[in-house]
Each structure stands twice: as C-alpha cells, then as structure tokens.
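So you can see what is in the structure, the chains are spelled out below.
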Amino acid sequence: MAERKHNFNAGPGALPRSVLEEVQQDLVDWKGTGMSVMEMSHRTPVYEGILFEARDVIASLYDLPDTHEVLFLQGGASLQFAMVPLNLGAGGAYANTGTWATKALEEARRVGFADEVWSSEKSGFKSVPGVHEVLEVPESATYFHYTSNNTIYGTQYQHRPRVGVPLVCDMSSDFLSRPVDVGAYDLIYAGAQKNAGPSGVTVVIGKKDLLRSFTGEATVPTMLRYATHAKNDSMYNTPNTFGIYVVGLVAKWVRDIGGLAAMHIVNQSKAQALYEALDAHPLVTGHAELASRSLMNVTFRLETPEQEKRLLARAESAGMEGLKGHRSVGGLRASIYNAVPEASVAALVDLIRGFAG
Ligand code: PMP
C-alpha cells in the first residue's frame, strides 16, 4: 500500500487505519455471511446486530442514562438545523459562533422565531462564550442551541453552558473526542464525518421523551420527525447501512483506546504540541482567542499570503494534506481529529519549527 498522507482535512477527515483495515478485510465477505455489509438487507437480524452494536457502543462511551437514546439519521448536521426547530418548536435561542451556528440560526428562522442571544461576529468569530459568562437566555425560549466546536474558526467551548431551558448542541466536530455529560442535554447531533466515521450518517442523541413524542405542526413530513426514526430503531427507511457499520467500528476503536477520557488526553496532548510550536513561532498568529481554542481545529495565519503559500507547498511535499484554511477565514487550519496520529502532528510541528518564511 502506498504511504498514507498526514491527513489534516476538516471533514471528511482521517479514519483510524485499523478501522480501514478491518473494513478492507471484511469488505467482500463480512464475517462468513457471504456478502458485504453494503449488500445486506437492513431488515435482517445480522444487520440489526451491526446497527444495535454501533448504537450501544456509543451509548456506553457516553455512559448514556436510560432517559436518552441514540439515533442514526441522514441529511447531515445541516438537516438537523431544520429538524431541531421543526420538532422542538419555534422560539429557540442561539449562540452565534460562526458559519455553522449562523446556518443553524437562519434555518430555525425559516421555521419561525429564533433569537440570537450571543454572537462573536463583530470580533471575527474568534471566541465562544466564556466559562463564567452568564448567557441571557429568556425563560420563554423553547431551547438553547450552541455549536460546541466551530470547525471553521477553530474555537471550542471547554464547558457546558448553564441555561434554564432545554439544551441542544451541534457536536459535529468534537463528537467522541472527550467525555460529555450527555444526560444534561435534551438533544445532541453530529455529522459523523469528522470524528465518528464516514459522511452520510448523523448521530443524534436525545431524551427519549423528546425524540418519541412528536408535538410539532401536523404539516411536518414523516421523515423530519424524530419520533418516526426513534420508534423504528433508526430503520424507518433504508439507513446508511455501511456508514453506520463504520461508525460502530470507530466507536469500538475509541473504546479500545480507553474510552472518551483517554481519547481526550491524547487530543489534549496533540493540540498542546501544535499550539506550543505555533505560539513560539515569530511569524504565526492564531485566529482563536486563547480561552476559546479548539483541540480539534487549529487555525492560524502567517505574516503574508506568500509565506502561507510556501508553508502549504512544503507541507504538501512532506505528505500533508488539508492545511489550507477555510475560505471565510483564510490562513491555515490543521484539523487534528481523534484519528489523526500523534506522528502526523509531530511531523507538522517539525515543519512549523523549521519554517523561516
Ligand atoms: N456543524 C458543524 C460544526 C460542521 O463542522 C459542519 C460541517 N463541516 C456542519 C454542521 C454541517 O455538516 P453536514 O455537512 O454534515 O451537513
């Protein structure tokens, strides 16, 4: 096999090599069934076993209370921007921390009223609300929605916002990366393609009461109701069978590393090594404010666009991919999700240390 790239893509992003190898080994004949997971009917005990195991491993990683359950949906995190207000009702309060949070807010406003209660737009989305900051969420809000990790800006909450209304979180880009008290949330969703698997699967974790009893408008289509999926074990219609299988393998890989606490320690150490190298470099400026820095997406700039081009070119010849910053922020971005090996981060650190302009 040709050498694998140092993959710093923002999503779809790196998957654990051992997961890919297991998929490869079982691709044509999954465990003696005589067929690939892709070719199985989802209405069989064998496939149900695969889906239920994926669901249960995620539940056990998060130590999920009985009050909550895991669903596998489609349509990406972007569809959740609409499903949240369609199911929980108009009147949500939103913290706007940049592109994806903005899109979630805009989509909620298509459904009805939605309130922007916090925004870092004026400062270029360099920060998220502080740990001790009191968010002014009206008691009448249907829910509070925030984005735990802002993939494009490289900012991340290091705490759970304390609000007096149901809590909803887009965890797309830090799902499975650290322990979270999921029981404190009414709803969490995450597109799988960063930390949890391939694109095409959205993991939703929520309170059973909320997921199973639809109280929205009668005009909300069947497929857009959580209850439809919850009451049918995520198999109301044909799910992304193969994607869910890979999500299950990735979840088991996290479990085998030692679970979310162990994963978090690895993620902290990778991020620390990279931020240290960046902070020590005279040509580098970070995008995110210190207290808002993300462990998943590290965003920075050099002094000139020419320097950035040169660094990117050197990175490319060193086998690194995905370091160009998102067009709305510019500069560079290293996405160092769970599956990005420490060796890849070490290679990037070396490259930055040796870069003189
Ligand atoms: N939320 C966040 C935080 C994201 O990073 C992304 C994708 N980059 C999305 C939502 C949108 O996800 P999807 O492409 O799965 O709709």
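Our subject is the structure that appears above.
(A) Layout of the overall build of the protein chain. Of regular secondary structure, the protein chain possesses 10 helices and 14 strands. Against the compact-globule benchmark of 21 Å for 357 residues, the protein chain has a radius of gyration of 21 Å, which places it among compact chains. Principal axes of the C-alpha set define a box for the protein chain whose edges measure 60 × 55 × 30 Å. Put simply, the protein chain has 357 residues, and 54% of those count as buried. Here the contacts in the protein chain between residues at least 6 apart in sequence split such that 64% fall between residues at least 24 apart. Looking at the protein chain as shown, the accessible area adds up to about 15600 Å², and 51% of this sits on carbon and sulfur atoms. The average position of the 32 basic charges and that of the 38 acidic charges among the side chains of the protein chain differ by 4 Å.

(B) Inspection of the sheet that holds strand β9 (residues 187-191) at higher detail. Taken in spatial order, the 7 strands make up an open sheet running β2-β10-β9-β8-β5-β3-β4, and their pairing is mixed. Two strands bound the open sheet, and with one partner strand each, they are β2 (68-73) and β4 (114-119). Going from strand to strand, the sheet's axes swing by 20° on average, the running direction of each strand aside. Relative to β9, strand β8 (residues 167-170) is paired through 3 bridges, and the arrangement is parallel. Across the sheet, the residue bridging to D170 is Y189, located in β9.

(C) Broad picture of the pairing of strand β3 (residues 92-96). Taken across its 5 residues, β3 has 5 buried, putting it largely inside the fold. Burial of the side chains of β3 extends over both faces: G92, Y94 and N96 are buried on one face and A93 and A95 on the other. As paired elements, β3 and β4 share 5 bridges and run parallel to each other. Bridged to N96 within β4 is S119. Bridge count between β3 and strand β5 (residues 144-147): 2 bridges; the pairing is parallel. Across the sheet, the residue bridging to A93 is F144, located in β5.

(D) Focus on the pattern of salt bridges. For the structure shown, the criterion picks out 14 salt bridges. K207 serves as the salt-bridge partner of D186, at 3.3 Å between the closest nitrogen and oxygen. Taken together, the residues span a long stretch of sequence, with D186 in the loop between β8 and β9 and K207 in strand β10 (residues 202-207) at a distance of 21 residues. What makes D186 buried here is its relative accessible area of 12%.

(E) Highlighting the sheet that holds strand β14 (residues 332-335). One open sheet accounts for 3 strands, arranged β11-β12-β14; its pairing is antiparallel. The sheet is open, and its two edges are formed by β11 (285-286) and β14, each paired on a single side. Here 4 bridges tie strand β12 (residues 297-301) to β14, and the two strands are oriented antiparallel to one another. Counted as the bridge partner of T299 is R333 from β14. Against the sheet, helix α8 (residues 260-280) contacts β12 and β14, and its axis sits at roughly 10° relative to β12.

(F) Region of the structure containing the site of the ligand. Lining the immediate environment of the ligand, one finds 13 residues, of which S78, T151, D170, Q193 and K194 sit closest. The side chain of S78 places a nitrogen or oxygen atom 2.6 Å from an oxygen atom of the ligand. One of the side-chain nitrogen or oxygen atoms of K194 is found 2.8 Å away from a nitrogen atom of the ligand. Across the complex, the protein chains shield 85% of the 390 Å² of accessible surface that the ligand would expose by itself. For the shell around the ligand, the element with the highest residue contribution is helix α3 (residues 76-88), accounting for 4 residues. When its residues are assigned to classes, the shell around the ligand shows 3 nonpolar, 8 polar and 2 charged.

(G) How the structure looks around unusual backbone geometry. With an omega of 0°, the peptide bond between G11 and P12 qualifies as cis. At D63, a residue that is not glycine, the phi angle is positive and equals roughly 55°. A relative accessible area of 66% places D63 in the exposed class. A positive phi angle, close to 55°, is found at F125, a residue other than glycine. Counting through the fold element by element, F125 comes out in the loop between β4 and β5. The buried category is assigned to F125, whose relative accessible area is 9%.

(H) Region of the structure containing the environment of D29. Examined against the element boundaries, D29 turns out to sit in the loop between α1 (17-26) and α2 (45-61). Given a relative accessible area of 36%, D29 falls into the partly exposed group. Linking D29 and E39, residues 10 residues apart in sequence, is a C-alpha distance of 9.9 Å. Setting aside residues no more than four positions away along its own chain, D29 makes contact with G34 and M35. One polar contact links the side chain of D29 to the main-chain amide nitrogen of G32, over a distance of 3.3 Å. Engagement of the side chain of D29 in a polar contact is seen with the backbone nitrogen of T33, the distance being 3.1 Å.

(I) Examining the packing of aromatic side chains more closely. Taken as a whole and assessed by the stated rule, the structure comprises 8 aromatic pairs. An aromatic cluster is present here, built from F144, Y146, Y157 and Y185 joined pairwise through their rings.

Reading the values: the criteria
Residues numbered from 1 in each chain as written. Predicted model: local features only at pLDDT ≥ 70, side-chain atom pairs only at ≥ 80, totals over all residues. Heavy atoms only, no water. Helix = DSSP H or I, 4+ residues; strand = E, 2+ residues; numbered from the N terminus. Rg over C-alpha atoms; globule rule 2.2 N^0.38 Å. Buried < 20%, exposed > 50% of the residue type's maximum accessible area, 1.4 Å probe, protein only. Contact = heavy atoms within 4.5 Å. Areas by Shrake-Rupley, 256 points an atom, 1.4 Å probe, with all protein chains shown as cover. Lys, Arg positive; Asp, Glu negative; His and termini not counted. Charge placed at Lys NZ, Arg CZ, Asp CG, Glu CD. Pairing = 2+ DSSP bridges. Axes fitted to C-alpha atoms, helices over the stretch in contact; angles between N-to-C directions. Salt bridge = Lys/Arg side-chain N within 4 Å of Asp/Glu carboxyl O. Near = heavy atom within 4 Å. Polar contact = N/O pair within 3.5 Å; in protein donor to acceptor, adjacent residues only side chain to side chain. Nonpolar A, V, L, I, M, F, W, Y, C, P; charged D, E, K, R; others polar. Phe/Tyr/Trp six-rings, centres within 6.5 Å; stacked < 30°, edge-to-face > 60°.

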